[in-house]
Amino acid sequence: MNKKSHTKIPFALPDINNDEINEVVACLKSGWLTTGPLTKKFEEQFAAYLNVKHALAVNSGTAGLHLAIEALGIKKGDKVATSVYTFTATSEVIRYLQADPVFIDIDPETLNIDTSHLIQKIDKTTKAIIPVHFAGQACEMDAIAAAAKQFDLKIVEDAAHAIPCSYKGKKIGKIGKCTVFSFYVTKPIATGEGGMVVTDSEQIADRIRVMRLHGINRDIWNRYRDSTPNWYYEVIEPGYKYNMPDLMAAIGIHQLKKVNQFQKRRQMIAEQYDEAFTNLPLKTPVIVNPEDRHAWHLYVIQLELERIQISRDEFIEKMAEKGIGTSVHFIPLHIHPYWRDQYGFSPNDFPVALDCYRRAVSLPIYSKMQNDDVDKVIKAVKDILG
Ligand SMILES: *Cc1c(COP(=O)(O)O)cnc(C)c1O
């Protein structure tokens, strides 16, 4: 029997090789493990890649989102619009500041926020919006920017899925005032845990620099460096402990170099899936603007439950029996106990998100997948649904 046929295909795997391993070992040997020269280098290279003025490394995407909305002045009682179809991190950071999310239902094709719903739901109390570029496909940023202008909303983009990703020829990270990336282990580039906030605004960057490390004012540090003893610092705010250590940046530097190469491989896999699944009772991901770059962080199929005999959960079980890991993106926020009870939601408050959730299955899509693996996933889907 072929040994390969017994190998399991996990849902996600980071693409790490000797580049990252050697850099981490060198970092360990250097004796400098926390934020230092490698983090600085990673920030500089990230800023250069996106052609932005400031890139601020943090220890998670969640930390980055928290710092970004804090820097924009979101405070108690403010409202912040975001997608109901996202990971809870996008919304929990709003609660950290005692502000409230305004959930927006999604477009059933892209699973990005439906901009017509957005316009219905925002008012004068809404201070910001966090669009989520679901799966790595850019949101309709022109419509979002128009709504933001009309209602004076600040935009913080959740780009946890979206590198490399573009909208009308512009890279995500270069469009909005402030954009946040995640380097969690499953994300398009991974450092295990980690994140990056990018902005062209000096003011936002300065605030984040202070708040990500205990509220210590680095400006004073720099200004008086020559005359101040090196043990001296001043705390000007009750800041957070959100800095990225060099050990993580060591990985990030090399992941960033391969960001386009990784995306190319994922796009190839997406194209193979698209072609293989054309006649099956499922909907493949819909691309709105083919000239845009899709990061292909996720490949989400939607089962046509009316045409098949099994449920979505049974489909996932059958894939697992065949050794293939899958996932579901996302369980919409309004049906989670916390969000449901906090705001008194019922499942049908966001009917599109609920319906998409009931049909959604995320298939493996990552650069480490071999051709054999892709074929095996395709065969499994066809066997179960064919
Ligand atoms: C992963 C993810 C985050 C959080 O990123 P972390 O680095 O894990 O904190 C935020 N938003 C979305 C949409 C995500 O998928």
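Just above sits the structure.
Residues numbered from 1 in each chain as written. Predicted model: local features only at pLDDT ≥ 70, side-chain atom pairs only at ≥ 80, totals over all residues. Heavy atoms only, no water.

Draft legend 1. Molecular detail of the site of the ligand. Taken together, 14 residues sit near the ligand, with G61, T62, D158, S182 and K187 positioned nearest. In the environment of the ligand, an oxygen atom lies 2.5 Å from a nitrogen or oxygen atom belonging to the side chain of T62. Residue K187 places a side-chain N or O atom 3.0 Å away from an oxygen atom belonging to the ligand. Taken by itself the ligand offers 380 Å² of open surface, and the protein chains cover 92% of this. Residue assignment for the shell around the ligand shows that the elements contributing at least two residues are α3 (61-71) and α4 (88-96). Classifying every residue of the shell around the ligand by side-chain character gives four nonpolar, eight polar and two charged. (Near = heavy atom within 4 Å. Polar contact = N/O pair within 3.5 Å; in protein donor to acceptor, adjacent residues only side chain to side chain. Areas by Shrake-Rupley, 256 points an atom, 1.4 Å probe, with all protein chains shown as cover. Helix = DSSP H or I, 4+ residues; strand = E, 2+ residues; numbered from the N terminus. Nonpolar A, V, L, I, M, F, W, Y, C, P; charged D, E, K, R; others polar.)

Draft legend 2. Region of the structure containing the packing of helix α1 (residues 18-30) against helix α9 (residues 246-257). Running from N to C, α1 and α9 point in directions that differ by 150°, and their axes come no closer than 8 Å. Classified by the angle their axes make, α1 and α9 are roughly antiparallel. For the element pair α1 and α9, the recorded crossing hand is right-handed. On α9, the residues that touch D19, E20, E23, V24, C27 and L28 of α1 are D246, L247, A250, I251, H254 and Q255. (Axes fitted to C-alpha atoms, helices over the stretch in contact; angles between N-to-C directions. Parallel < 35°, antiparallel > 145°, perpendicular 65-115°, else oblique. Left-handed = near helix turned anticlockwise from the far one by under 90°. Contact = heavy atoms within 4.5 Å.)

Draft legend 3. Structural view of the packing of aromatic side chains. Tallied over the full model, the rule gives 20 aromatic pairs. Aromatic side chains Y85 and F330 sit 6.4 Å apart centroid to centroid with 85° between the ring planes, which places their arrangement in the edge-to-face category. One end of the pair, Y85, is in the loop between β2 (79-83) and α4; the other, F330, is in the loop between α11 (312-321) and α12 (337-343), with 245 residues separating them in the sequence. Taking relative accessible area as the criterion, Y85 reaches 0% and is therefore assigned buried. Here the aromatic cluster, defined as three or more aromatic residues joined through ring pairs, consists of F103, Y338, W339, Y343, F345 and F350. Its guanidinium or amino end placed over the ring of Y49, K171 lies 4.1 Å from that ring's centre, counting from NZ or CZ. Taking the ring centre of Y357 as reference, the NZ or CZ of R312 above it sits at 4.8 Å. (Phe/Tyr/Trp six-rings, centres within 6.5 Å; stacked < 30°, edge-to-face > 60°. Buried < 20%, exposed > 50% of the residue type's maximum accessible area, 1.4 Å probe, protein only. Lys NZ or Arg CZ within 6 Å of the ring centre and 35° of its normal.)

Draft legend 4. Local environment of the pairing of strand β1 (residues 54-58). The buried count for β1 comes to five of five residues, which makes it a mostly enclosed element. Burial of the side chains of β1 extends over both faces: H54, L56 and V58 are buried on one face and A55 and A57 on the other. Direction of pairing for β1 relative to strand β9 (residues 195-199): antiparallel, over a ladder of five bridges. By the bridge assignment for β9, H54 is matched with T199. (Pairing = 2+ DSSP bridges.)

Draft legend 5. A look at the environment of T126. Residue position: T126 is located in strand β4 (residues 126-130). Under the relative-accessibility criterion, T126 is labelled buried at 1%. Sequence spacing of T126 and G36 is 90 residues, and the spatial spacing of their C-alpha atoms is 38 Å. In this structure, T126 is in contact with K79, A81, K121, F151 and L153, ignoring residues within four places of it in sequence.

Draft legend 6. Examining the sheet that holds strand β5 (residues 154-158) more closely. With mixed pairing, seven strands are arranged side by side in an open sheet as β1-β9-β8-β5-β4-β2-β3. Each edge of the open sheet is held by one strand with a lone partner, namely β1 and β3 (100-104). Strand-to-strand, the axes of this sheet are offset by a mean angle of 25°, without reference to chain direction. The strands touched by α4 are β2, β3, β4 and β5; relative to β3, the strand with the most contacts, the crossing angle is about 150°.

Draft legend 7. Layout of unusual backbone geometry. For the bond running from I163 to P164, omega is -5°, close enough to zero to count as cis. Following the sequence through the fold, P164 ends up in the loop between β5 and β6 (166-167). Here the bond from H329 into F330 is cis, since omega is -5°, no more than 30 degrees from zero. Within the chain, Q98 stands out as a residue other than glycine whose phi angle is a positive 60°. Structurally, the position occupied by Q98 is in the loop between α4 and β3. Its identity is not glycine, yet K168 carries a phi of approximately 45°, on the positive side.

Draft legend 8. Geometry of the pattern of salt bridges. As enumerated under the stated definition, the model contains 20 salt bridges in all. In this structure, the salt-bridge partner of E306 is R359, at a minimum N-O distance of 2.7 Å. Placement of the pair is E306 in the loop between β11 (299-303) and α11 and R359 in helix α13 (residues 351-359), with a sequence separation of 53 residues. The class of E306 is exposed, set by a relative accessible area of 62%. (Salt bridge = Lys/Arg side-chain N within 4 Å of Asp/Glu carboxyl O.)

Draft legend 9. Region of the structure containing the nonpolar core. The biggest cluster of nonpolar side chains holds 46 residues, and the ones touching the most others in it are F42, F46, L118, F181 and M196. Going through the elements one at a time, α1, α2 (37-50), β1, β3, α6 (141-151), β9, α9 and α10 (259-276) are the ones with two or more residues in this core. Sort the elements by how many residues they give to this core and α2 lands first, with six residues. When residues no more than four places from it in sequence are discounted, the contact partners of F46 are A55, I163, F181, F183, I189, M196, V198 and L256. (Core = buried A, V, L, I, M, F, W, Y, C linked by side-chain atoms within 4.5 Å.)

Draft legend 10. Summary view of the state of the cysteines. Counted by the stated rule, this structure contains zero disulfides. C139 carries a free sulfur, and the closest cysteine sulfur to it, the one in C165, is 8.7 Å from it. We classify C139 as buried; its relative accessible area is 1%. (Disulfide = S-S within 2.5 Å.)

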